[in-house]
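Inside the fold
What follows is each chain in one-letter form.
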Amino acid sequence: MCGIVGYVGPNSTIDVLLGGLKRLEYRGYDSAGIAVLTDEGHLGTRKRAGKLGILADDLDEAPLPDGHTGIGHTRWATHGGPTDGNAHPHLGDDGKLALIHNGIIENFAELKQELVDAGASFTSETDTEVAALMVGDVYKKTGDLTTAMQRVVARLEGAFTLLVMHQDVPGVVVGARRNSPLVIGLGDGENFLGSDVAAFVEHTKRAMEIGQDEIVTIRPGSVEVTDFAGNPVPTREFEVAWDATAAEKGGWPSFMKKEISEEPEAVGKTLLGRVHEGAVTLPELDDLTGALTDIDRVVILGCGTAAYAGMLGKYAIETWARIPVDVELSHEFRYRDPVLSERTLVVSVSQSGETMDTLMAVKYAKENGARTLSICNTQGSTIPRESDAVLYTHAGPEVAVASTKAFVAQVTALYLLGLHLAAVRGTLDAAQVAAQLEELQNIPAKLDQVLESTASRIAEFTPWLGDTQSVLFLGRHVGYPVALEGALKLKEVAYIHAEGFAAGELKHGPIALIEPGQIVIVLVPSPRHENTLHPKVVSNIQEIRARGARVIAIAELGDKAVAPFADEVIRIPYAGPLFEPLLGVVPLHIFAMELATAKGLDVDQPRNLAKSVTVE
Ligand code: G6P
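Within any chain, residue numbers begin from 1 and follow the written order of that chain's sequence. In view of the model being predicted, local features appear only for residues whose pLDDT reaches at least 70, and side-chain atom pairs are presented and counted only at 80 or more, with totals across whole chains, interfaces and linings using the full set of residues. Computation of side-chain values covers all heavy atoms of the structure but excludes hydrogens and water.

**Quick word on helix H17 (residues 580–598)**
Numbering goes from the N terminus for both helices and strands, where a helix is a DSSP run of H or I of at least four residues and a strand is a run of E of at least two. Given a helix with a known number of residues, its expected span is that number minus one, times 1.5 Å. Between its first and last C-alpha atoms H17 spans 28 Å; for 19 residues at 1.5 Å apiece the expected length is 27 Å, and the two agree. Using a 1.4 Å probe on the protein chains alone, a residue whose accessible area is under 20% of its type maximum counts as buried, one over 50% counts as exposed, and one in between counts as partly exposed. Taken across its 19 residues, H17 has 17 buried, putting it largely inside the fold. Looking one or two places after H17, you find Gly-600, whose phi comes out positive at around 75°.

Here is the structure:
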């Protein structure tokens, strides 16, 4: 939530800031703003409500003098509506200092009162302006921006990343973070700060992590990192694993469409190097080795799409490794006094690695003695840093706010974990593990087939659904999490009321919603699966058809039983019971995207949402 970029160096600061903000816009798009210090010592700011394009047009019409020190911000509003006045940067020290912020300063009201009592006046309704005025006041007394930042963060409560610059100190940007993201980009004679590496990957792939409660001061030729008390701290450099073009549209009409098309690759890359001669190789988990044989329970945490991937992880881990698995929404977990011990493995699932609800749940689990493993798609992010071990998904940068390719990559990583657990705990023998891995390795090719056969078909029939007000999704067993994911995607991007139900639950209530014309999308398990779910789901279809529902079935290619009862059948290739969701989910992603597109909506930046939710 909120994207942050900082730059010191010889190049056009405005270009660097706008380029960085463009790549961070997925974090929020209520307003955007920049501050730039010219070589003549003039601090210029420009900020506009609305998406970044509005700010960029404004700068085209009335250019701001360029310089070599700057900060930029794209906002997801928390305190104060999305107006020009509430947009960042905010100013302190009589307009000589500019500050941007991501997060929430929880004690801002009390601090604001102190400032008001001392005679300060405010121009915005934000919590951020408090920090700008406070850093300005301390800078006036100390003449040192890093010291000013240290003194102020010591008084702030909540979660925040702050970047600050001052017109008296050209070539310096100071940043601080607590429970909110910030990464350093290391250039040659230039340095960068960003909410994530996307902010600067166009300029450098060398990056450095900053820990919690740390302060960084960047100059063109140096980077200093200290704790909040000013003591130097060890740093860790890493190389960004993807390049700038991976985070560009590359001719696709939307990031969402591009990212759906990358779902086969996301699975393939997450498997790459992790399967050898029919066995799972996960050196990332070496630190947990003893723990993995010792654990008696797994708890999977996540929000939104990541939680649904976690539900599929439960089915797989319980089937293969015979360990009880609970799946819980991160934000519910720590407030209900969960039972944890050193024999509990808490697996967090997060594309961004920054979701505050999940981060706080992981910290809580650690504090209460559990072992923690993060499944994450973003290098240098906070949740992996806070966990005992990390298994990265390699879906590549996901820019569209609604998660698609990250979902299949998360499921793949959870399945690898499940098979690894089964191997180390001896619940599956080598041949059984190899057989499951073979199924998993066949998924990318089958996904290619799904994309090829379904994309245009779904696009064709979505127009007749264009004015629909409500869609229900039904699935059973592993189809249930997929139904939930299909409904979430439709809500997120097409703003259509949608609910996912376990098909068996239908008769216990939801069937009352069925009236003539109600659209129901049903995930039908293959008749070739040994479980007996296929005829039950087909019966469910008949029950809702009898009450006037219009049914779109997602069914296996060879399934002859479904067509007579469905208005449309989307065909997917055969996959074993646990693997079918990886195929069935793709038509649902396409469906949501096509329906939103037919309604003329921006599928990449849906209203009210942000991709990385860094507030609780
Ligand atoms: C937000 C996004 C969802 C995403 C969820 C979890 O709500 O809008 O698309 O699934 O956060 O994000 P994470 O980065 O933790 O996977």
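From this point, the narrative continues.
**Side note on the pairing of strand S25 (residues 550–556)**
Across the seven residues of S25, six count as buried, placing the element largely inside the fold. At least two bridges found by DSSP between two strands is the condition for calling them paired. The sheet contact formed by strand S24 (residues 519–523) and S25 spans five bridges and is parallel. From the neighbouring strand, Leu-523 faces S25, where its bridge partner is Ile-554. Inspection of the sheet shows S25 paired to strand S26 (residues 568–572) by five bridges, in the parallel sense. Bridge pairing links Glu-556 to Ile-572 in S26.

**Here we look at the site of the ligand**
When at least one non-hydrogen atom of a residue lies within 4 Å of a molecule or strand, that residue is treated as near it. The environment of the ligand is made up of 14 residues, and the closest members are Thr-305, Ser-350, Gln-351, Ser-352 and Thr-355. Each polar contact in these results corresponds to two N or O atoms within 3.5 Å; when the atoms are within protein, one needs to be able to donate a hydrogen and the other to accept it, and residues that are neighboring in sequence are counted only if both atoms are side-chain atoms. Within the contact set of the ligand, an oxygen atom lies 2.5 Å away from a side-chain nitrogen or oxygen of Thr-355. Within the backbone of Val-401, an N or O atom sits 3.4 Å from an oxygen atom of the ligand. Comparing atom positions with the cavity grids shows the ligand to sit within the largest pocket. Taken together, the residues of the shell around the ligand sort by class into five nonpolar, seven polar and two charged. Note on definitions: the grid is 1 Å and covers protein atoms alone; a cavity is a set of points where a 1.4 Å probe fits but cannot get out; a pocket is an open set with protein on both sides within 12 Å along at least five of seven lines; lining residues have an atom within 4 Å of a point. Think of it this way: if more than half of a molecule's atoms are within 2 Å of a pocket's grid points, that molecule is in the pocket or cavity. We call Asp, Glu, Lys and Arg charged. Ala, Val, Leu, Ile, Met, Phe, Trp, Tyr, Cys and Pro are nonpolar, and the rest, Gly among them, are polar.

**Observations regarding the pattern of salt bridges**
The term salt bridge refers to a pairing of a side-chain nitrogen on Lys or Arg with a carboxyl oxygen on Asp or Glu at a separation within 4 Å. Tallied over the full model, the rule gives 26 salt bridges. Arg-46 is the salt-bridge partner of Asp-58, the closest N and O atoms lying 2.8 Å from each other. A residue pair is termed long-range when its members are at least 10 positions apart, and Asp-58 in helix H2 (residues 52–61) and Arg-46 in strand S3 (residues 43–49) qualify at twelve residues. There is no split in this pair, since Asp-58 and Arg-46 are both buried.

**Observations regarding the sheet that holds strand S8 (residues 173–178)**
Spatially, six strands are ordered S5-S6-S7-S8-S12-S13 in an open sheet, and the strand pairing comes out antiparallel. Strands at the two margins of the open sheet, each flanked by one partner only, are strand S5 (90–92) and strand S13 (222–227). Pairwise comparison of adjacent strand axes, ignoring direction, gives a mean angle of 20° for this sheet. When strand S7 (residues 158–166) meets S8, the two strands line up antiparallel, connected through five bridges. Its bridge partner lying in S8, Phe-160 is registered against Arg-178. The angle between two axes is taken between their N-to-C directions and runs from 0 to 180 degrees, where each axis is a line fitted to C-alpha atoms and a helix contributes only its stretch in contact.

**Here we look at empty space enclosed by the protein**
Grid points are joined across faces, edges and corners, and a volume is the space filled by probe spheres set on the points. Applying the stated criterion across every chain, the model contains three cavities of 30 Å³ or more. Of the volumes computed, that of the largest cavity is approximately 220 Å³. Taken together, 19 residues make up the lining of the largest cavity; nearest its centre are Tyr-26, Asp-196, Gln-351, Thr-378 and Pro-397. A per-class count over the lining of the largest cavity returns seven nonpolar, seven polar and five charged. Looking at the second largest cavity, its volume works out to about 150 Å³. Along the wall of the second largest cavity there are 17 residues; nearest its centre are Gly-479, Leu-523, Val-524, Pro-525 and Glu-580. If you list the elements that add at least two residues to the lining of the second largest cavity, you get helix H15 (479–494) and H17. When residues of the lining of the second largest cavity are assigned to their parent elements, the largest contribution, three residues, is made by H17.

**A word on the side chain of Arg-27**
The topology assignment puts Arg-27 in the loop between helix H1 (13–24) and strand S2 (31–37). Charge counting treats Lys and Arg as positive and Asp and Glu as negative, with His and both chain ends excluded. The side chain of Arg-27 is buried and forms no salt bridge, while Asp-196, the nearest opposite charge, is found at 4.3 Å. There is a polar contact of 2.8 Å between the side chain of Arg-27 and the backbone oxygen of Cys-2. Non-local contacts of Arg-27, meaning those with residues more than four positions away in its chain, are made with Met-1, Cys-2, Gly-3, Trp-76, Asn-102, Pro-181, Ser-195, Asp-196, Ala-610, Lys-611, Ser-612 and Thr-614. It only takes one pair of heavy atoms within 4.5 Å for two residues to be counted as in contact.

Honestly, it's all geometry; don't read function into it.
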